[in-house]
Amino acid sequence: MDPDILNLIKKHWPIKSLYGLPEKFVPGKTVIPYSGPVWSEEEIYEAIHTLLEGKWLTSGEKVREFEKDFSAKVGQQHSVMTNSGSSANLLMVAALRSKRLFGFTDIAVVTPVAGFPTTVAPILQNGFTPLFVDIELKTLNLDLDQVEAKLTPKTKAIMFAHVLGNPPDMDRLLEICHRRDLLFLEDTCDALGSSWHGTPLGGFGKLSTCSFYPAHHITTGEGGMVSTSDENIERVVRSLCWWGRDCYCVGKANLLENGTCGKRFDRWLPELPDLTIDHKYVFTEMGYNLKPLDLQGAIGLVQLKKLDWIHKQRKAHYEGYRAFFSRYPDLFRIAEPHPKADVSWFGFPITVTTDKFTKDELTRFLENAKVQTRNYFAGNLLFHPAYSHLGNPHDYPNAVTVTKSTFFLGVSPNLTTEQMEYVQSKLAEFIAAH
Ligand SMILES: Cc1ncc(COP(=O)(O)O)c(C=O)c1O
């Protein structure tokens, strides 16, 4: 491709701002988004390059390269890219049903009752039972005392998301998993870049997942990943993601005449010993099609290079808000990381603990001042129509409190010092008026 095309892209489509926001920040007029991609011409160039010169529109060499680089970042041996983090969670749980792996049909999976819905939905969609536990108010993470107390012989796995990037006590969690023989399914969708005692989150689970939705640490537009260090699990997850097929040729290997196995056309079906079948059309799993486009892999490769900088920015913005909110211990509870955690914050969680004002009043004030805020996702899931038949939300009092009183502010890498000072000045104005 003509190398000048990058310059032409820069000349004709320079990226000045995100979401159509003006370049110049006008306090009270310009929206301060709660998150947003760290995005430049390079991602667009790579996407266009892959469209024009790639051999596939669907998952191909770029997705394969991204899978490899991503695995190294989270410290797992293998990864399978998907079209979203929700799809990644679906595959992570579906893998437990595979006859080639655990073959589970009727198990319980421990999971916190508050958080993002598609951490929990796959448990039910696969015919398993969620065993809900409450969360702790300090970190919003699952309450490990309740995990210990509630485990039943039917409980075979534990699945949760590190809340807004902040892990629970991983030493204790891993010890429980080991002692009670639980598979750890790690939802790292909000936590890419965080680590525990030097080990990246996403590197602890038997399987772990990530999301590349634009609000997350890195983005491919939409996208997700399942990672594992077990080759058999990778094969099953890839099969489930790719229609259920037995063939595992990916990237360049997809073009091999006789496949990676060297016997693409062979007698694959035992019941038809005389029939030669193409391995690409042999199905070992009851699968889905949850594959991403190759240009998403190309974008992911560029994004991954920015992760260290993104981590530093998110952490610095967390520290800025922490310094502000620490001045008001009577009004707010803020999440503090464990000393062993190095957190790449997805957001800055705040729980209103005073009677002087409500979370609603504060977030409405901020939104009117053009500062975006977000709830802690669904809060207590049992309040929601899709999940209300699963239990009484009031049996989980901390999750109720969080639904009513917790929100988060963005710590996007794109935030400027001027914007952060503006947010703090609005917060101080609100506090002074109450
Ligand atoms: C913890 C968590 N898990 C899973 C998801 C789903 O990811 P996606 O939006 O890519 O489907 C999200 C949200 O985006 C999330 O915050």
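Since we're looking at a predicted model, the values are computed, not measured. (Residues numbered from 1 in each chain as written. Predicted model: local features only at pLDDT ≥ 70, side-chain atom pairs only at ≥ 80, totals over all residues. Heavy atoms only, no water.)

Draft legend 1. Broad picture of the site of the ligand. In the neighbourhood of the ligand, 16 residues make up the surrounding shell, with Gly85, Ser86, Asp187, Asp190 and Ser211 lying closest. For the ligand, an oxygen atom lies 2.6 Å from a polar atom in the side chain of Ser86. In the model, an oxygen atom of the ligand is placed 2.7 Å from a nitrogen or oxygen of the Ser211 side chain. If you list the elements that add at least two residues to the shell around the ligand, you get helix H4 (85–94) and helix H5 (117–125). When residues in the shell around the ligand are grouped by element, the largest group, three residues, is from H4. Partitioned by chemical class, the residues of the shell around the ligand number five nonpolar, nine polar and two charged. (Near = heavy atom within 4 Å. Polar contact = N/O pair within 3.5 Å; in protein donor to acceptor, adjacent residues only side chain to side chain. Helix = DSSP H or I, 4+ residues; strand = E, 2+ residues; numbered from the N terminus. Nonpolar A, V, L, I, M, F, W, Y, C, P; charged D, E, K, R; others polar.)

Draft legend 2. Examining the environment of Ser71 more closely. Within the secondary structure layout, Ser71 lies in helix H3 (residues 61–74). Residues Ser71 and Phe408 lie 337 residues apart in sequence; the distance between their C-alpha atoms is 29 Å. Dropping the residues within four chain positions of it, Ser71 is found in contact with Gln76, Gln77, His78 and Ser79. Only 2.8 Å separates the side chain of Ser71 from the side chain of Ser79, close enough to count as a polar contact. (Contact = heavy atoms within 4.5 Å.)

Draft legend 3. Focus on the packing of aromatic side chains. Scanning all chains against the criterion turns up 25 aromatic pairs. Ring plane angle 75° and centroid distance 5.6 Å describe the contact between Phe70 and Phe212, whose orientation is recorded as edge-to-face. Here Phe70 is found in helix H3, whereas its partner Phe212 is found in the loop between strand E8 (207–211) and strand E9 (224–228), with 142 residues between them in sequence. For Phe70, a relative accessible area of 2% corresponds to the buried category. Here the aromatic rings of Phe377 and Phe408 are separated by 5.9 Å at their centres, their planes lie at 75°, and the arrangement is edge-to-face. Linking Phe377 in the loop between strand E15 (373–375) and helix H12 (397–405) with Phe408 in strand E16 (residues 406–410), this pair joins segments that are 31 residues apart in sequence. An aromatic cluster is defined as three or more aromatic residues linked by ring pairs; in this entry it consists of Tyr318, Tyr321, Phe324, Phe325, Tyr328, Phe332, Trp345, Phe348, Phe357, Phe365 and Phe430. Between the NZ or CZ atom of Arg235 and the centre of the ring of Tyr248, over which it lies, the distance is 3.7 Å. Stacked on the ring of Trp243, the Lys or Arg Lys291 has its end atom at 3.5 Å from the ring centre. (Phe/Tyr/Trp six-rings, centres within 6.5 Å; stacked < 30°, edge-to-face > 60°. Buried < 20%, exposed > 50% of the residue type's maximum accessible area, 1.4 Å probe, protein only. Lys NZ or Arg CZ within 6 Å of the ring centre and 35° of its normal.)

Draft legend 4. Geometry of the domain arrangement of the chain. One can read the domain layout of the chain as domain 1 (48–250 + 286–304), domain 2 (251–282) and domain 3 (307–432). Between the C-alpha centres of domain 1 and domain 3 the distance comes to 25 Å. Listed per partner, the contact involves 39 residues of domain 1 and 37 residues of domain 3. Buried area between domain 1 and domain 3, both sides added, is near 3,400 Å², and the carbon and sulfur share of it is 65%. The largest share of the area that domain 1 buries against domain 3 comes from Leu137, Leu164 and His217, three residues that together contribute 21% of it. For the pair domain 1 and domain 3, the number of links is two salt bridges. For Lys340, the salt bridge identified is with Asp171, shortest N-O distance 2.4 Å. (Domains from an automatic or database assignment. Buried area = accessible area lost by both parts, 1.4 Å probe. Salt bridge = Lys/Arg side-chain N within 4 Å of Asp/Glu carboxyl O.)

Draft legend 5. Inspection of the pattern of salt bridges at higher detail. If you walk through the whole model with that rule in mind, you get 22 salt bridges. Taking the shortest distance from any N to any O, the salt bridge between Arg264 and Asp278 comes out at 2.8 Å. Separated by 14 residues along the polypeptide, Arg264 in the loop between helix H8 (231–241) and strand E10 (265–266) and Asp278 in strand E11 (residues 277–278) bring together distant segments of the chain. In this structure, Arg264 and Asp278 share a single accessibility class: buried.

Draft legend 6. Expanded view of the nonpolar core. Judged by nonpolar contacts, the single largest core of 52 residues is most densely connected at Ile158, Phe325, Phe332 and Leu409. When residues of this core are assigned to their parent elements, the largest contribution, six residues, is made by helix H13 (residues 417–432). For this core, the domains that each give at least three residues are domain 1 (48–250 + 286–304) and domain 3 (307–432). Among all residues touching Leu409, those that are not within four sequence positions of it are Tyr321, Phe325, Gly347, Phe348, Ile350, Leu366, Val371, Gln372, Thr373, Val423 and Leu427. (Core = buried A, V, L, I, M, F, W, Y, C linked by side-chain atoms within 4.5 Å.)

Draft legend 7. Spotlight on helix H11 (residues 359–368). Among the residues making up H11, those that are buried are Lys359, Leu362, Thr363 and Leu366. For H11, the arc enclosing every buried residue in end-on projection is 95°, short of the 170-degree limit, so these residues lie on one face. Turned more than 90 degrees away from the buried face of H11, the exposed residues are Arg364 and Asn368. At its buried positions, H11 is contacted by strand E12 (332–334), strand E14 (347–352), E15, H12, E16 and H13. Once H11 ends, the next one or two residues include Lys370, with phi positive near 75°. (Arc of directions from axis to C-beta.)

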